[in-house]
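# Tertiary structure, described
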Amino acid sequence: MLTQTGNTILRGDLGVEETIESDNIVRWDGERLYVEQDVYHNGQLVHRKYRRTVTEPVARVLWTIINRAKQ
């Protein structure tokens, strides 16, 4: 199930309103952590399954949670 990941963002540089939907599942491709997002401009899909890299602080928190679960 896709969820909207925030409010509509006015992209003045592109002259569009941008919205993003994601299933919020963190994925690993062997090199990086990412979430897949669908990006819409003025309600029209422009990027399907766009891979947005998870930030280092988020990755560290996930690493801590995984290690605690192993104990």
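In what follows, the structure referred to is the one given above.
All of the points below concern the structure found in this document. Note that the coordinates shown come from a computational prediction; the quantities given were computed from them, not determined experimentally.

Okay, the pairing of strand S3 (residues 16-28) next. Pairing geometry for strand S2 (residues 9-11) and S3, over three bridges, is antiparallel. Paired with Leu10 across the strands is Glu17, a residue of S3. Between S2 and the antiparallel strand that follows it, S3, lie four residues; Gly15 among them carries a positive phi value of about 70°. As paired elements, S3 and strand S4 (residues 33-41) share eight bridges and run antiparallel to each other. Among the inter-strand pairings, Ser22 is bridged to a residue of S4, identified as Gln37.

The rules behind the values
- Residues numbered from 1 in each chain as written.
- Predicted model: local features only at pLDDT ≥ 70, side-chain atom pairs only at ≥ 80, totals over all residues.
- Heavy atoms only, no water.
- Pairing = 2+ DSSP bridges.
- Helix = DSSP H or I, 4+ residues; strand = E, 2+ residues; numbered from the N terminus.

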